[in-house]
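# Observations on the three-dimensional arrangement
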Amino acid sequence: MPAKTSRRNRPAVRLWRWRRNALRRHSDVVEAWIVLGVWLLVLVGGAVAGLVTARTVDSDLAARRARAHPVAAVVTDVTPVTPAATSARDDGRVWVAVRWTDAAGSVHQARTRMLPDALSGTRLTVWTDGADRVVAKPLGRTEAAVQAALTGVLFGPLAAGTIWAGGRLLRAGLVRRRLTEWDEEWKRVGPEWRKLSGGRG
């Protein structure tokens, strides 16, 4: 059986920055509160930033979905794509001219892209906004929720890392200030110490 660890042998919790003792300086207390505050902001702020970002993205996608509506259109012309116009990210679609009639009876024409098997007279569905301009098909509710969640998951750690980096910079400034104070204090105490130590200090 392993021997029980006595209370005396247990490592003490290091709270010396807050405890009253002769070695504690005001800068030690300030640094301790900064470290505590930064870690709280990293945990809470990162989570809040991720949630707010996810809700903002979801709201924006919902607004786009509300503005766009499908209309039945017909292809009036197919523009072939020349090899020079293609790129490595080209999905093979071609530009087509489409025509549709809105609810008021007005005829509209625009250009959009679709698969190369499109022929004049082909019927298709296009998405338009309030100004009767052709827009990309909006994401569905499920797709929008997934994209918003992924964006929040990516932005949350980024915000937390930014807070942590800011805390490190602030703490580094305190350390530099402490070293400067030590130098100034040693200039004042050093000569007396050398006298007491016989010139060996």
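Quick note: structure is the one above.
Attention here is on the structure that accompanies the text.

### Comments concerning the overall build of the chain
Broken down by element type, the chain carries two helices and five strands. For the chain, the sequential pattern of α-helices and β-strands runs α-β-β-β-β-β-α. Intrachain contacts of the chain at a sequence separation of at least 6 include 56% that bridge at least 24 residues.

### What to know about the nonpolar core
Within the largest apolar cluster, eleven residues are counted, these being Val71, Ala73, Val75, Val94, Val96, Val98, Trp100, Ala110, Met114, Leu124 and Val126. Elements supplying a minimum of two residues to this core: strand E1 (69–79), strand E2 (94–101), strand E3 (107–114) and strand E4 (123–128). The dominant element in this core, judged by the number of residues it contributes, is E2, at four residues.

### Brief notes about unusual backbone geometry
Positive phi, normally seen in glycine, also occurs at Asp132, with a value near 60°. Along the chain, the position of Asp132 falls in the loop between E4 and strand E5 (134–135). Classification of Asp132 as partly exposed rests on a relative accessible area of 25%.

### Some words on the pairing of E4
The alternating pattern of E4 places Leu124, Val126 and Thr128 on a buried face and Arg123, Thr125 and Trp127 on a face that is not buried. In this sheet, E5 lies alongside E4 in antiparallel orientation, the contact comprising two bridges. By the bridge assignment for E5, Thr128 is matched with Val134. Connecting E4 to the antiparallel partner E5 that follows it, the hairpin turn spans five residues, and Asp132 within it adopts a positive phi of roughly 60°.

### Concerning the side chain of Thr112
With respect to the secondary-structure elements, Thr112 resides in strand E3. The class for Thr112 is buried, based on a relative accessible area of 16%. For Thr112, the contacting residues outside a window of four places in its chain are Val94, Trp95, Val96, Val98, Val126 and Val134.

### Topic: the pattern of salt bridges
For the structure shown, the criterion picks out two salt bridges. Between Asp60 and Arg64 there is a salt bridge whose closest N-O contact spans 3.2 Å. One end of the pair is Asp60 and the other is Arg64, both in helix H1 (residues 26–67) and four residues apart, which spans about a single turn. A relative accessible area of 37% places Asp60 in the partly exposed class.

Analysis parameters
- Residues numbered from 1 in each chain as written.
- Predicted model: local features only at pLDDT ≥ 70, side-chain atom pairs only at ≥ 80, totals over all residues.
- Heavy atoms only, no water.
- Helix = DSSP H or I, 4+ residues; strand = E, 2+ residues; numbered from the N terminus.
- Contact = heavy atoms within 4.5 Å.
- Core = buried A, V, L, I, M, F, W, Y, C linked by side-chain atoms within 4.5 Å.
- Buried < 20%, exposed > 50% of the residue type's maximum accessible area, 1.4 Å probe, protein only.
- Pairing = 2+ DSSP bridges.
- Salt bridge = Lys/Arg side-chain N within 4 Å of Asp/Glu carboxyl O.

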